[in-house]
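Summary of the model geometry
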Amino acid sequence: MTAKLIKGTEIREEILEEIAAEVKEIKEKNGVVPGLVTILVGESPASISYVTLKIKTANRLGFKEIQENQPETISEEDLLALINKYNDDDSIHGILVQLPLPKHIDDKKILNAIDPDKDVDGFHPINVGRLMIGGDEVKFPPCTPAGIQEMIVRAGVETSGAEVVVVGRSNIVGKPIANMMVQKGPGANSTVTVVHTRTRDLASHCKRADILIVAAGVPGLVKPEWIKPGACVIDVGVNRIGEKISEKTGKKIAILSGDVDFDAAKEIAGSITPVPGGVGPMTITMLMKNTLKSLKFRQGIA
Ligand code: GUN
């Protein structure tokens, strides 16, 4: 059997078209567009490439977009002042501080300083709490888990009553996606297990999964024999396992691998996300969706 590929690149285009149409309509009716500020501290190549893509996508959608590139040496105080400036700016609906931050900055302090109503990453404790309560309380689901749920739904995979096994317990992916899938409501109502580095028998849990979500950051962790035949496999891993020269640009690019042995897994799974081109493109897409949502909340049209 060869699994159906759940392509993030295709789903991204569908959602971005929906967002662009809404932005156009709101601009015509209300005379406003979503405003997003991206704050990048330092010059990590991975962070620069993520932020560049966020900016490009925001521009493509007709958002107001501000880039704040700050030196590695910026003080915590100055970074907090920058966040406060945008908390007070009515034309800005989303504030994104790219993580990780340099060691001398307390990232908790920074994330907690963002106005929860502009926290389009969904990392502020108030938004984490809202996510936990579920339903109408949720304002900004964190982007990667929101993208995962959207992919599962758009691939037509039944979630109600499904056994969902999440590998990994990070604050950005594992914990929030487990929380989202267990909620009452469409795209959820699942029975959820979270497994992690201290779990006694990873394989036995994974084998039970109708939907297996892997966010461990360990290349090839999930073996094909751990996959239930016909299962939906969502691979969140983006592991840089080497470098190659791009045929398109002639430049050096990273060779990426997921947490699942894809070539073998696709012969067993019912549906599966590739790496790259699976979950990755969905994160930025959901960031745009949250920024649009923030504008709609402000305008009282959400
Ligand atoms: N660094 C890696 N992933 C993310 C993300 O989703 N949001 C932010 N702000 N930084 C990140």
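You'll find the structure just up there.
Description of the structure in this document. All figures in this text were calculated on a predicted structure; none of them were measured in a lab. (Residues numbered from 1 in each chain as written. Predicted model: local features only at pLDDT ≥ 70, side-chain atom pairs only at ≥ 80, totals over all residues. Heavy atoms only, no water.)

The next subject is the site of the ligand. Within the structure, the ligand sits among Leu96, Val97, Gln98, Leu99, Asp121 and Phe123. Within the contact set of the ligand, a nitrogen atom lies 3.3 Å away from a side-chain nitrogen or oxygen of Gln98. For the ligand, whose unbound accessible area comes to 280 Å², protein coverage reaches 81%. Residue composition of the shell around the ligand, grouped by class: four nonpolar, one polar and one charged. (Near = heavy atom within 4 Å. Polar contact = N/O pair within 3.5 Å; in protein donor to acceptor, adjacent residues only side chain to side chain. Areas by Shrake-Rupley, 256 points an atom, 1.4 Å probe, with all protein chains shown as cover. Nonpolar A, V, L, I, M, F, W, Y, C, P; charged D, E, K, R; others polar.)

In contact at an axis separation of 9 Å, helix H6 (residues 143-154) and helix H7 (residues 174-182) are set at 45 degrees when each is read in the N-to-C sense. Relative to H7, the element H6 is oriented oblique. Between H6 and H7 lies a crossing of right-handed hand. Between H6 and H7, the contacting residues are Pro145, Ala146, Ile148, Gln149 and Ile152 on the first element and Pro176, Ile177, Met180 and Met181 on the second. In the contact of H6 with H7, the residues fall into eight nonpolar, one polar and no charged. (Axes fitted to C-alpha atoms, helices over the stretch in contact; angles between N-to-C directions. Helix = DSSP H or I, 4+ residues; strand = E, 2+ residues; numbered from the N terminus. Parallel < 35°, antiparallel > 145°, perpendicular 65-115°, else oblique. Left-handed = near helix turned anticlockwise from the far one by under 90°. Contact = heavy atoms within 4.5 Å.)

In terms of strand pairing, strand S5 (residues 163-167) meets strand S6 (residues 191-195) through five bridges, oriented parallel. Paired with Val167 across the strands is Val195, a residue of S6. In the classification by handedness, the crossover that spans S5, the intervening H7 and the parallel S6 is right-handed. (Pairing = 2+ DSSP bridges. Right-handed = clockwise from strand over helix to strand, strands pointing away.)

Before going further, it helps to spend a moment on the nonpolar core. Counting residues in hydrophobic clusters, the biggest one holds 43 residues, and the most contacted among them are Ile19, Ile148, Ile213, Ile234, Val236 and Met288. Tallying contributions element by element places helix H10 (residues 280-299) first for this core, with seven residues. Not counting the four nearest positions on each side in its chain, Ile148 is found in contact with Val173, Ile177, Ile213, Ile234, Val236 and Val279. (Core = buried A, V, L, I, M, F, W, Y, C linked by side-chain atoms within 4.5 Å. Buried < 20%, exposed > 50% of the residue type's maximum accessible area, 1.4 Å probe, protein only.)

We now examine the side chain of Thr285. Mapped onto the secondary structure, Thr285 falls in helix H10. If we ignore the near neighbours within four places in the chain, the residues touching Thr285 are Arg12, Ile15, Leu16 and Ile19.

Turning next to the pairing of S5. Counting buried positions along S5 yields four of five residues, so the element is predominantly enclosed. Two elements, S5 and strand S7 (residues 211-214), share four bridges in a ladder whose sense is parallel. Following the sheet pairing, Val164 is matched in S7 by Ile211.

Glancing now at helix H2 (residues 45-60). Across its 16 residues, H2 extends 22 Å between first and last C-alpha, which sits within 8% of the 22 Å expected from 1.5 Å per residue. Listed in full, the buried residues belonging to H2 are Ser47, Val51, Lys54, Ile55, Thr57 and Ala58. Relative to the axis of H2, the buried residues are bounded by an arc of 165 degrees and lie together on one face. Seen from the open side of H2, the exposed residues pointing more than 90 degrees away from its buried face are Pro45 and Lys56. Looking at the buried positions of H2, the neighbouring elements they touch are helix H1 (8-30), strand S2 (35-41), strand S3 (64-70), strand S4 (94-97) and H10. Phi for Gly62, located one or two positions after H2, is positive at around 80 degrees. (Expected span 1.5 Å × (residues − 1). Arc of directions from axis to C-beta.)

A few words now on the pattern of salt bridges. Across all of its chains, the model carries 18 salt bridges by this definition. Ionic pairing is found between Glu28 and Lys24, a salt bridge with its closest N-O pair at 3.7 Å. With Glu28 and Lys24 both in helix H1 and four residues apart, the pair spans about one turn of that helix. The same class applies to Glu28 and to Lys24, which are both exposed. For Glu267, the salt bridge goes to Lys266, with nearest N and O atoms at 3.3 Å. (Salt bridge = Lys/Arg side-chain N within 4 Å of Asp/Glu carboxyl O.)

Axis separation between H6 and H10 bottoms out at 8 Å; the angle between their running directions is 105 degrees. With respect to their mutual orientation, H6 and H10 come out roughly perpendicular. Note on element contacts: H10 touches H6 through Met282, Thr283, Met286, Leu287, Lys289 and Asn290, opposite Cys143, Thr144, Ala146, Gly147, Glu150 and Met151. Looking at the contact of H6 with H10 residue by residue, the class counts come to six nonpolar, four polar and two charged.

Let's shift gears to the packing of aromatic side chains. Per the counting criterion, the structure on display carries one aromatic pair. The positively charged end of Lys139 is found above the aromatic ring belonging to Phe297, 4.8 Å away from the centroid. Stacked on the ring of Trp226, the Lys or Arg Lys223 has its end atom at 5.9 Å from the ring centre. (Phe/Tyr/Trp six-rings, centres within 6.5 Å; stacked < 30°, edge-to-face > 60°. Lys NZ or Arg CZ within 6 Å of the ring centre and 35° of its normal.)

Glancing now at the sheet that holds S5. Strand order in the open sheet formed by six strands is S1-S11-S8-S7-S5-S6, with parallel pairing between adjacent strands. Two strands bound the open sheet, and with one partner strand each, they are strand S1 (4-5) and S6. Two strands pair when backbone bridges link them, and strand S8 (residues 232-235) and strand S11 (residues 271-272) are joined in this way by two bridges, in the parallel orientation. Across the sheet, residue Cys232 finds its bridge partner in S11, namely Ser271.

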